[in-house]
Structure formats: structure tokens, C-alpha cells
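One letter stands for each residue in the lines below.
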Amino acid sequence: MNIKKGDTVKVIAGSDKGAEGKVIAVLREEQRVIVEGVNRVKRHTKVVQQGGRGGTTGGIITTEAPIHVSNVMLVEGKGVTRLGFRRDEVTKRRNDGSTYTAHRSVRVSRKTGKEI
């Protein structure tokens, strides 16, 4: 998946279309993301009486539910962009002081070509 935790994304489909928010969590197995302030659902919780201070209070709690990653796009600047990857050659240093060249994968914007 191209979207990571902390990215700012825009919802492009669904009831919250057009909303922007920060990615709180990425659920890789289900290919879903949880976006701050998007797809809010209400959960009705019961009062749980466990010994001492372990109990929870009841009521209605509003939280964000996951949405599919295909329904969001990464925000870059004023608009949205698709993501690509580029392999950059870098020099790395070993513990003994010798150096060697290796490749590092970076995310780039398909619109501008800049590193994200």
C-alpha cells in the first residue's frame, strides 16, 4: 500500500467525498485506512463494573471507522496526486569504515516528480 500513517489524504468517493484528514492508522490486511474526522460512527457502550478503577462508563462514543484505501488520494500542495516509487543510489558506511553503494526506495509524486 502506498498510503502511510501521518499522510494527509482526500476522500474521493463515498459519503464523505471531498473531506481531507490525516491518516491515523493503516490496516494492511484489510487494505483500509482510518482517517481523522472521516467516516465517523457512533458506538453505544455499556457500563462495565469491574473491581476498582478498571470500569468503563457507558454512553455514546463517536469514533472513526476504516475506509478502503482506493477511496482516498494523497494530498500534495493544493491538489491530489498519485504515488510512484524511485530507486536512488546511496553510499552507505560499514562498521569498519569502508563504504559501498546501495539502493533506497523513495515515494515520489506522479504529478510533480518530487520526493514525498
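Here the residue numbers are simple positions, counted from 1 along each chain's written sequence. Local features in this predicted model are restricted to residues of pLDDT 70 or higher, and side-chain atom pairs are both shown and tallied only at a pLDDT of 80 or more, whereas totals for entire chains, interfaces and linings draw on every residue. Side-chain figures throughout are based on the complete set of non-hydrogen atoms in the structure, without hydrogens or water.

In the annotation of an unreviewed UniProt entry, the protein is listed under the name Large ribosomal subunit protein uL24 and assigned to Nocardioides agariphilus. We quote the UniProt Sequence similarities (unreviewed entry) comment for the protein here in full: "Belongs to the universal ribosomal protein uL24 family." What UniProt states about the protein under its Subunit (unreviewed entry) heading is, verbatim, "Part of the 50S ribosomal subunit." UniProt positions are given in the numbering used here, feature names are shortened, and annotations may be inferred rather than shown by experiment.

Caption draft 1: The layout of surface pockets, seen in detail. Only protein atoms enter the 1 Å grid used here. Points where a 1.4 Å probe fits but cannot escape make up a cavity, open sets with protein on both sides within 12 Å along at least five of seven lines make up a pocket, and a residue lines them when an atom lies within 4 Å of a point. Grid points are joined across faces, edges and corners, and a volume is the space filled by probe spheres set on the points. Put simply, the largest pocket is a space of about 170 Å³. What lines the largest pocket is simply Asn2, Ile3, Val69, Ser70, Val72, Met73, Leu74, Thr81, Arg82 and Leu83. Secondary structure elements follow DSSP: runs of H or I of four or more residues count as helices, runs of E of two or more count as strands, with numbering from the N terminus. Here the lining of the largest pocket takes three residues from strand β7 (residues 72–76), the largest share from any one element. Throughout, the ten residues Ala, Val, Leu, Ile, Met, Phe, Trp, Tyr, Cys and Pro are labelled nonpolar, Asp, Glu, Lys and Arg are labelled charged, and all others, Gly among them, are labelled polar. Classifying every residue of the lining of the largest pocket gives six nonpolar, three polar and one charged.

Caption draft 2: Quick peek at the side chain of Asp7. In this fold, Asp7 is placed in the segment before β1 (8–11). In this structure the side chain of Asp7 is engaged in a polar contact, spanning 2.9 Å, whose partner is the backbone nitrogen of Lys4. Polar contact is the term for a pair of N or O atoms within 3.5 Å; when the atoms are in protein, one must be able to donate a hydrogen and the other to accept it, and sequence-neighboring residues count only if both atoms are side-chain atoms. Within polar-contact distance, the side chain of Asp7 engages the side chain of Arg107 at 3.0 Å.

Caption draft 3: Structural view of unusual backbone geometry. With a phi angle near 55°, Gln31 is a residue other than glycine that sits in the positive phi range. With respect to the helices and strands, Gln31 occurs in the loop between β2 (20–27) and β3 (32–35). For Gln31, a relative accessible area of 41% puts it in the partly exposed group. In the Ramachandran plot, Asn39 falls in the positive-phi region, its phi being about 60° despite a non-glycine side chain. Accessible area is worked out with a 1.4 Å probe on protein chains only. A residue is then buried under 20% of its type maximum, exposed over 50%, and partly exposed in between.

Caption draft 4: Focus on the pattern of salt bridges. A pair is scored as a salt bridge if a Lys or Arg side-chain nitrogen falls within 4 Å of a carboxyl oxygen belonging to Asp or Glu. With the rule as written, the count across this model stands at four salt bridges. Close ionic contact of Glu64 with Arg40 constitutes a salt bridge, the shortest N to O distance being 2.9 Å. You can see Glu64 sitting in strand β5 (residues 59–64) and its partner Arg40 sitting in strand β4 (residues 40–45), a full 24 residues away along the chain. Glu64 sits in the partly exposed class, given a relative accessible area of 22%. The closest approach of N and O atoms between Arg86 and Asp88, which form a salt bridge, is 3.0 Å. A residue is classified by how much of its surface remains accessible, and Arg86, at 34% relative accessible area, is partly exposed.

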